[in-house]
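Each chain, letter by letter, is given below.
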Amino acid sequence: MGSITLENVNKSFGEVQVIPDISLDIRDGEFVVFVGPSGCGKSTLLRLIAGLEDTTKGRILLDGQDVTKAPPARRGLAMVFQSYALYPHMTVRDNIAFPLKMAKAPREVIDQKVEYAARTLNLSSYLDRRPRALSGGQRQRVAIGRAIVREPKAFLFDEPLSNLDAALRVNMRLEITELHQQLKTTMIYVTHDQVEAMTMADRIVVLNAGRVEQFGSPLELYKQPANRFVAGFIGSPK
Ligand code: ADP
Ligand code: MG
């Protein structure tokens, strides 16, 4: 299970209120994209869900359980960073296995989960390589593999493709949506790219200056944008 609820979440850094008041209900198994211009609070919102930032006010629930004060490790979520967050001195196998080793999982469990992640991501023949001997797309898949082995309730992606070239980005989008269809795990995907949002999401949260302008399916946003900001951002004809 992996439903995520935000209740009147507020986040301020000192005097600066970055997120005034957000409430959201993300269903188990949904692919939700947070989209909006740079600086609108996408990463902050994701980090609040992950537990990497504390809320100033409000509550965060996972599967109905209040995790507002729970540290990241207790939330059962996996954040996928950009591929450059891999350990360069470790093999692909050890990079993927890293969270399991930290959790002191038994050797057989580690091997089995790493094999599964590698098969799922077409990395089986690259397990003994180091990141520098991989393509950009393969590195990104290793970063995702490191999340898969944790069997999270939800995957949280923060602009994971932004340092890949355009052609590769299109491929990786497809791979991530295919992965979602296969795993059926909740995914939240942050991007400033409208095309990414429209092509990948079940539902899109359009953010602007820390506020939700609209939360709906790509078709709803396109056909019935809530306001000019959404229309302009999505590029719909309103
Ligand atoms: P986005 O990911 O949409 O580009 P962010 O969530 O990174 O936006 O940032 C939203 C706003 O919060 C920005 O104005 C940013 O400068 C500010 N901000 C983010 N993190 C911090 C922090 N640790 N301290 C102070 N301000 C921050
Ligand atoms: Mg960001």
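Once a new chain begins, its residue numbering starts again from 1 and follows that chain's sequence as written. The order in which chains are written sets their letters, starting at A; the order in which ligands are written sets their numbers, starting at 1. Per-residue local features are limited, in this predicted model, to residues with pLDDT of at least 70; the limit for side-chain atom pairs, both in listing and counting, is 80 or more; totals at the level of whole chains, interfaces and linings are taken over all residues.

### Some points on the overall build of the protein chain
Okay, so step 1: Strands are runs of DSSP state E lasting at least 2 residues, helices are runs of H or I lasting at least 4, and numbering of each runs from the N terminus. A tally of regular secondary structure across the protein chain gives eight helices and 10 strands.
Okay, so step 2: Projecting the C-alpha coordinates of the protein chain onto the three principal axes gives extents of approximately 50 × 40 × 30 Å.
Okay, so step 3: Taking as baseline every contact in the protein chain between residues at least 6 positions apart, the subset at least 24 positions apart corresponds to 66%. A pair of residues counts as a contact when their C-beta atoms, built from backbone coordinates, are separated by no more than 7 Å.

### So, the site of ligand 1
Okay, so step 1: Each residue receives a C-beta atom placed from its backbone. It is near a molecule or strand if this atom lies within 6 Å of it. Neighbouring ligand 1 are the residues Phe13, Val16, Val18, Gly36, Ser38, Gly39, Cys40, Gly41, Lys42, Ser43 and Thr44.
Okay, so step 2: When residues of the shell around ligand 1 are traced back to their parent elements, those giving at least two are β2 (16–26) and α1 (42–50).
Okay, so step 3: Just so you know the grouping, Ala, Val, Leu, Ile, Met, Phe, Trp, Tyr, Cys and Pro go in nonpolar, Asp, Glu, Lys and Arg go in charged, and all remaining residues, Gly too, go in polar. Across the shell around ligand 1, the residue classes break down as four nonpolar, six polar and one charged.

### A short note on the environment of Leu174
Okay, so step 1: Among the secondary structure elements, Leu174 is positioned in helix α5 (residues 166–183).
Okay, so step 2: Remark: the alpha-carbon pair of Leu174 and Thr199, spanning 25 residues in sequence, is separated by 9.1 Å.

### A closer look at the nonpolar core
Okay, so step 1: Each nonpolar core consists of buried Ala, Val, Leu, Ile, Met, Phe, Trp, Tyr and Cys residues. Their C-beta atoms, within 7 Å, join them into a set. Residue burial here comes from a neighbour count, namely the number of other C-beta atoms, placed from the backbone, that lie within 10 Å of the residue's own C-beta, with 20 or more meaning buried, 12 or fewer meaning exposed, and in between meaning partly exposed. Core analysis: the largest hydrophobic core is formed by 62 residues, its most contacted members being Val33, Phe34, Ile49, Val80, Leu156 and Ile188.
Okay, so step 2: If sequence neighbours within four positions are ignored, Val33 has contacts with Tyr189, Thr191, Ala197, Met200, Ala201 and Ile204.

### Some points on helix α4 (residues 136–148)
Okay, so step 1: Any helix carries an expected span of 1.5 Å times its number of residues minus one. Here α4 spans 19 Å end to end across 13 residues, near enough to the 18 Å set by a 1.5 Å rise per residue.
Okay, so step 2: The buried fraction of α4 is high, at 10 of 13 residues.
Okay, so step 3: Listed as buried for α4 are Arg139, Gln140, Arg141, Val142, Ala143, Ile144, Gly145, Arg146, Ala147 and Ile148.
Okay, so step 4: Where α4 is buried, its residues meet β6 (77–80), α2 (92–102), α3 (107–120), β7 (154–158) and α5.

### Focus on the sheet that holds strand β4 (residues 57–62)
Okay, so step 1: Read across the sheet, four strands follow the order β2-β1-β4-β5 without closing on themselves; strand pairing throughout is antiparallel. The sheet terminates laterally at β2 and β5 (65–66), the two strands that pair on one side only.
Okay, so step 2: Bridging between β4 and β5 involves two bridges; their strand directions are antiparallel. Across the sheet, Leu61 pairs through a bridge with Asp66, a residue of β5. Strands pair, by our definition, only if DSSP identifies at least two bridges between them.

### Looking at unusual backbone geometry
Okay, so step 1: The backbone of Asn8 sits at a positive phi, close to 45°, despite the residue not being glycine.
Okay, so step 2: With respect to the helices and strands, Asn8 occurs in strand β1 (residues 4–13).
Okay, so step 3: Owing to 12 C-beta atoms within 10 Å, Asn8 belongs among the exposed residues under this scheme.
Okay, so step 4: Its identity is not glycine, yet Lys184 carries a phi of approximately 55°, on the positive side.

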